[in-house]
Amino acid sequence: DEAEAYLTKRHQKRKLRLYACLLHAYATRGNLTRLVVVWKRVLGQTLSLTEPEYAAVMRCATMVGNSDCMRVALSDLAEEVSVPSHDTIKAIRDWFMSEHCDVAAAIATGGDAVCPPVSELDRPLLGP
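Residues numbered from 1 in each chain as written. Predicted model: local features only at pLDDT ≥ 70, side-chain atom pairs only at ≥ 80, totals over all residues. Heavy atoms only, no water.

1. Some remarks on the packing of helix H4 (residues 51-64) against helix H6 (residues 86-97)
Note the threshold: Every axis in this analysis is a line fitted to C-alpha atoms, fitted for helices over the stretch in contact. Angles between the N-to-C directions lie between 0 and 180 degrees. A helix here means a DSSP run of H or I that spans at least four residues, while a strand means a run of E at least two residues long, and both kinds are numbered starting from the N terminus. Relative orientations are named as follows: roughly parallel for angles under 35 degrees, roughly antiparallel for angles over 145 degrees, roughly perpendicular for angles from 65 to 115 degrees, and oblique for any other angle. Throughout, a crossing is termed right-handed when the near helix is turned clockwise from the far one, and left-handed when it is turned anticlockwise from it by less than a right angle. The criterion used for residue contact is that any of the two residues' heavy atoms lie within 4.5 Å. Note on residue classes: Ala, Val, Leu, Ile, Met, Phe, Trp, Tyr, Cys and Pro are nonpolar, Asp, Glu, Lys and Arg are charged, and everything else, Gly too, is polar.
As a packed pair, H4 and H6 sit with axes 9 Å apart at the nearest point and diverge in direction by 20°. It follows that H4 is roughly parallel to H6 by the angle criterion. Handedness of the crossing formed by H4 with H6: left-handed. Every residue of H6 that contacts H4 at Glu 51, Ala 55, Met 58, Arg 59, Ala 61 and Thr 62 is listed here: Asp 87, Thr 88, Ala 91, Ile 92, Asp 94 and Trp 95. Of the residues belonging to the contact of H4 with H6, the class tally is six nonpolar, two polar and four charged.

2. Things to note about the environment of Ala 55
Structurally, the position occupied by Ala 55 is in helix H4. Considered as a pair, Ala 55 and Lys 90 are 35 residues apart in the sequence and their alpha carbons are 8.7 Å apart. Once residues lying within four places of it in the same chain are set aside, the contact partners of Ala 55 are Asp 87, Thr 88 and Ala 91.

3. So, the nonpolar core
Our working rule: Nonpolar cores were defined as sets of buried Ala, Val, Leu, Ile, Met, Phe, Trp, Tyr and Cys residues, with membership established by side-chain atoms within 4.5 Å. Remark: exposure states derive from per-residue accessible area (1.4 Å probe, protein chains only) relative to the maximum for the residue type, with buried under 20%, exposed over 50%, and partly exposed in between.
Within the largest apolar cluster, 29 residues are counted, with the highest numbers of intra-cluster contacts made by Leu 23, Leu 35, Trp 39, Leu 49, Val 57 and Met 58. Those elements giving two or more residues to this core turn out to be helix H2 (17-29), helix H3 (32-44), H4, helix H5 (67-80) and H6.

4. Side note on the packing of H5 against H6
Relative orientation and spacing of two packed helices are given, respectively, by the angle between their axes and the distance between those axes. Two numbers describe how H5 lies on H6: the axes approach to 12 Å, and their chain directions differ by 145°. Like other packed secondary-structure pairs, H5 and H6 cross with a definite hand, here left-handed. Touching Ser 67, Met 70, Leu 74 and Leu 77 of H5 are Thr 88, Ala 91, Ile 92, Trp 95 and Phe 96, all from H6. Residues of the contact of H5 with H6, tallied by class, amount to seven nonpolar, two polar and no charged.

This is the structure we're talking about:
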């Protein structure tokens, strides 16, 4: 909040680097609640995450087992990054290899039972 106020006072544009450290720290600790708050702030500033931030979000979603968050991250990543890096591919693979993702059930049900559609980040991403 203080950093945002400082930039506003000086009429300077906010940049992703203002939020990236927080996002990565929350992701590393598995604090999805705070990560989502930072992510929404980034989007509220009409900024986009870069590939390393999407990978961090996906690692956190895998850590806590949140399929809604993973779905949003994968969808946004597909829009922003044409060819993902090895680190991002590993984060994606880790999700699909995790206990939280049941690929067989997703295929059998068309994906609806395991990964409910999420149209916006504003929808609740936390919960069972």
